[in-house]
Amino acid sequence: MFWGSVAFGLPVVSVLTYKKPGETELTPAANRAIADLKKRGGGTLKYPAGRFVQGPVEITGSLISIQGAGIGRTVIIRNTQRGYAFWANQKKRVFIRDLSIDCDKSPIEGGIYFGGCTDSGADRVAISNADASTFVVENELLNGGGQKAVSDRNVFRNCRASGQKRYHDVGGKSPFIAGGYARNTRFEYCTVTDCVGDAFDSDNAPGSVFSYCVARNTRGTSPYAGFWSEGEQTDSDHRATWNHCKVSGYRVGFGVSERVKATILNGEAENCVNAIKGLHYQYRIRVTNFTARNCGKGLEATDTDGALTFSGPVTLTNVKTVNTVARNSFSNYGGKASTNEETIIGPGCEFDKDAYISYENSGSRRITVNGATFRGGNIRYYNGQLTELLVKNSQFINSGIVGARIKQSRITDGSRFVTTDSTKTAIQLNLDSYNTTVENTTFEGYNKVSNNARLGTGVRQTNRRQGPR
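These lines cover the structure that appears in this document, whether it is placed above or below. What you see is a predicted model, and the numbers here were worked out from it, not measured in a lab.

### Observations regarding the overall build of the protein chain
Here is step 1: Within the protein chain one finds 1 helix and 46 strands.
Here is step 2: Principal-axis analysis of the C-alpha atoms places the extent of the protein chain at approximately 90 × 40 × 35 Å.
Here is step 3: Within the protein chain, the fraction of its 469 residues that count as buried is 58%.
Here is step 4: Within the protein chain, contacts between residues separated by at least 24 positions form 62% of all contacts whose residues are at least 6 apart in sequence.
Here is step 5: Just so you have it, the protein chain exposes about 18300 Å², and 45% of that area is on carbon and sulfur atoms.
Here is step 6: Within the protein chain, one finds 58 positive and 42 negative side-chain charges whose respective centroids are separated by 3 Å.

### Section: the layout of surface pockets
Here is step 1: A volume near 390 Å³ is recorded for the largest pocket.
Here is step 2: In this structure, the largest pocket is lined by 20 residues; those nearest its centre are Arg 82, Tyr 84, Glu 109, Leu 142 and Asn 143.
Here is step 3: Taken together, the residues of the lining of the largest pocket break down into 9 nonpolar, 6 polar and 5 charged.

### Details of the side chain of Thr 419
Here is step 1: Mapping Thr 419 onto the fold places it in the loop between strand 40 (416–418) and strand 41 (425–430).
Here is step 2: Polar contacts involving the side chain of Thr 419 include one to the side chain of Asn 398, which spans 3.1 Å.
Here is step 3: A polar contact of 3.0 Å, which involves the side chain of Thr 419, links it to the backbone nitrogen of Asp 421.

### Here we look at the nonpolar core
Here is step 1: By size, the foremost hydrophobic cluster in this structure holds 103 residues, and its most contacted members are Phe 86, Ile 96, Val 125, Phe 200, Phe 290 and Leu 316.
Here is step 2: The element that contributes the greatest number of residues to this core is helix 1 (residues 27–39), accounting for 5 residues.
Here is step 3: Within the second largest apolar cluster, 6 residues are counted, among which are Tyr 84, Tyr 113, Val 136 and Leu 142.

### Details of helix 1
Here is step 1: Here helix 1 spans 19 Å end to end across 13 residues, near enough to the 18 Å set by a 1.5 Å rise per residue.
Here is step 2: Every buried residue of helix 1 is accounted for by Thr 27, Ala 29, Ala 30, Ala 33, Ile 34 and Leu 37. The buried residues of helix 1 occupy an angular sector of 160° when the element is viewed end-on, so they sit on one face.
Here is step 3: The inward-facing, buried residues of helix 1 abut strand 3 (12–14), strand 4 (43–46), strand 5 (50–54), strand 6 (57–58) and strand 7 (64–67).

### Regarding the pairing of strand 13 (residues 135–138)
Here is step 1: Neither face of strand 13 is left uncovered, since the one carrying Phe 135 and Val 137 and the one carrying Val 136 and Glu 138 both have all their residues buried.
Here is step 2: By the bridge criterion, 4 bridges tie strand 11 (residues 112–115) to strand 13 in an arrangement that is parallel. Each residue of the ladder has a partner; that of Tyr 113, found in strand 13, is Val 136.
Here is step 3: Across 3 bridges, strand 13 lies against strand 16 (residues 176–179) in parallel orientation. Bridging across to strand 16, Val 137 finds its partner in Ala 178.

### A look at the pattern of salt bridges
Here is step 1: Throughout the structure, instances matching the rule amount to 21 salt bridges.
Here is step 2: Put simply, Glu 188 and Arg 186 hold a salt bridge, and the shortest N to O gap is 2.7 Å.
Here is step 3: Residue classification places Glu 188 among the buried residues on the basis of a relative accessible area of 12%.
Here is step 4: Under the relative-accessibility criterion, Arg 186 is labelled partly exposed at 31%.
Here is step 5: A salt bridge links Lys 277 to Asp 305; the shortest N-O distance between them is 3.7 Å. In this pair, Lys 277 sits in strand 27 (residues 274–279) while Asp 305 sits in the loop between strand 28 (285–293) and strand 29 (308–310), placing the two residues 28 residues apart along the sequence.
Here is step 6: Classification of Lys 277 as buried rests on a relative accessible area of 18%.

### A closer look at the environment of Thr 457
Here is step 1: Topologically, Thr 457 is positioned in the loop between strand 45 (454–455) and strand 46 (460–462).
Here is step 2: Along the primary structure Thr 457 and Val 438 are separated by 19 residues, whereas in three dimensions their C-alpha atoms are 8.0 Å apart.

### A short note on the side chain of Ser 409
Here is step 1: Secondary-structure assignment places Ser 409 in strand 39 (residues 401–412).
Here is step 2: Looking at Ser 409, the relative accessible area reads 1%, which means it is buried.
Here is step 3: With residues up to four places along the chain from it excluded, the contact list for Ser 409 reads Leu 389, Asn 435, Thr 436 and Thr 437.

### What to know about the packing of aromatic side chains
Here is step 1: Summed over the entire model, instances satisfying the criterion amount to 29 aromatic pairs.
Here is step 2: With 4.8 Å between their ring centres and 5° between their planes, Tyr 189 and Tyr 212 make a pair best called stacked. Taken together, the residues span a long stretch of sequence, with Tyr 189 in the loop between strand 17 (186–188) and strand 18 (191–193) and Tyr 212 in the loop between strand 20 (208–211) and strand 21 (214–216) at a distance of 23 residues.
Here is step 3: Judged by relative accessible area, Tyr 189 falls into the partly exposed class, the value being 45%.
Here is step 4: A relative accessible area of 36% places Tyr 212 in the partly exposed class.

### Section: unusual backbone geometry
Here is step 1: One non-glycine residue, Asn 143, lies in positive phi territory at about 55°.
Here is step 2: As for its placement among the helices and strands, Asn 143 is situated in the loop between strand 13 and strand 14 (155–157).
Here is step 3: Judged by its relative accessible area of 69%, Asn 143 falls in the exposed class.
Here is step 4: The phi dihedral of Asn 383 falls on the positive side, at around 55°, and the residue is not glycine.
Here is step 5: In this fold, Asn 383 is placed in strand 37 (residues 379–392).
Here is step 6: Look at Asn 383 and you get buried, because its relative accessible area is 10%.

The rules behind each value
- Residues numbered from 1 in each chain as written.
- Predicted model: local features only at pLDDT ≥ 70, side-chain atom pairs only at ≥ 80, totals over all residues.
- Heavy atoms only, no water.
- Helix = DSSP H or I, 4+ residues; strand = E, 2+ residues; numbered from the N terminus.
- Buried < 20%, exposed > 50% of the residue type's maximum accessible area, 1.4 Å probe, protein only.
- Contact = heavy atoms within 4.5 Å.
- Areas by Shrake-Rupley, 256 points an atom, 1.4 Å probe, with all protein chains shown as cover.
- Lys, Arg positive; Asp, Glu negative; His and termini not counted.
- Charge placed at Lys NZ, Arg CZ, Asp CG, Glu CD.
- 1 Å grid on protein atoms, 1.4 Å probe; cavity = no way out; pocket = protein on both sides within 12 Å on 5 of 7 lines; lining within 4 Å.
- Points joined across faces, edges and corners; volume = space filled by probe spheres on them.
- Nonpolar A, V, L, I, M, F, W, Y, C, P; charged D, E, K, R; others polar.
- Polar contact = N/O pair within 3.5 Å; in protein donor to acceptor, adjacent residues only side chain to side chain.
- Core = buried A, V, L, I, M, F, W, Y, C linked by side-chain atoms within 4.5 Å.
- Expected span 1.5 Å × (residues − 1).
- Arc of directions from axis to C-beta.
- Pairing = 2+ DSSP bridges.
- Salt bridge = Lys/Arg side-chain N within 4 Å of Asp/Glu carboxyl O.
- Phe/Tyr/Trp six-rings, centres within 6.5 Å; stacked < 30°, edge-to-face > 60°.

Below you can see the structure in the form of structure tokens.
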């Protein structure tokens, strides 16, 4: 049984025991020790505190742990040979713990690679300056000529990546990546700082879970994503989950594309252009308890993009935008793609800039706004002849609805509009031909309810603002 840093009942050996006189690197000693542990059915290879030069080391047996004395105490300095500091193919219960790896001199690769492994991973490992990849989990075997094996239930905890240099150039990957159909990979309490590329990636990797992970860029705005998930395979349940994850300083905070069904829980994005970007068309994204802060720089004049932008169905609950720089807090736009799957802006959502819910009928064609609050921004649409909008039980504080052409729009169920500008019209419509109906809604402080909507029962208007409740 594996627990903590050792395998109970299996041998524990020191790498220095296997070092021969005259050897200046630990590579031969590590290889000899691992070969010995493999013969003995597994065990733990211990590295003491210190700084050690080492090349790539393959873990050739299952049930083997690599154990250092702690991050910053055991430091492995990669030599100039290309390859990964530690790698394993088709092994079970292989773990690497409590050490640092400096890959500054290593070309092409760098850190840790698990190919076709199960129930394996790393804990409390810091890897810096990898050339083109840092922590990798794949079905494809390393140096295996394209061979693949099942990769499942691998876990990385309390790991750090910093200073990775390349991405998608001669095989560059994300600092943390589950790819190639690796299943059920978990990244927990991991951090990426100032690396080139998407910080955390799930690429054709169903069941990827990222918990309490942080992606941060301190050098302006990275052109990449903090968290990204994609997958072209036809797997009917390709899911990726981010829970309590934070990102700052990226072009995209959280990105979802292709067939991924994504869930974002308790997340934060700060100083990103797009806090969340969904390029998904038909598979639903679910976002709950999320804050986008100071996002959207560069999108001040853009109608079809926003701090939160989606090309397909999304369910938002308790999602807030704060100090948005973009014109839009929220945008529903899919280019030439569209879907009849409903987008839901649900209870607890608060937007401080416009929510552009339809542009040329692309993206989701059914939008429900239920229990949301708009402060200083409007619901907007343009040329939504195939789009339906339903607004229920929502508040508009110095905000309103502005649009031209829509299939059908209903504002009802206790919605409330309040303004301090007595010259404003709450619902400003062009070319709508009364396709918008207002019922059971209160308007306070506006000069006029609407210029082009059908007013039904339960519409109440007062010229004196009573104040938001």
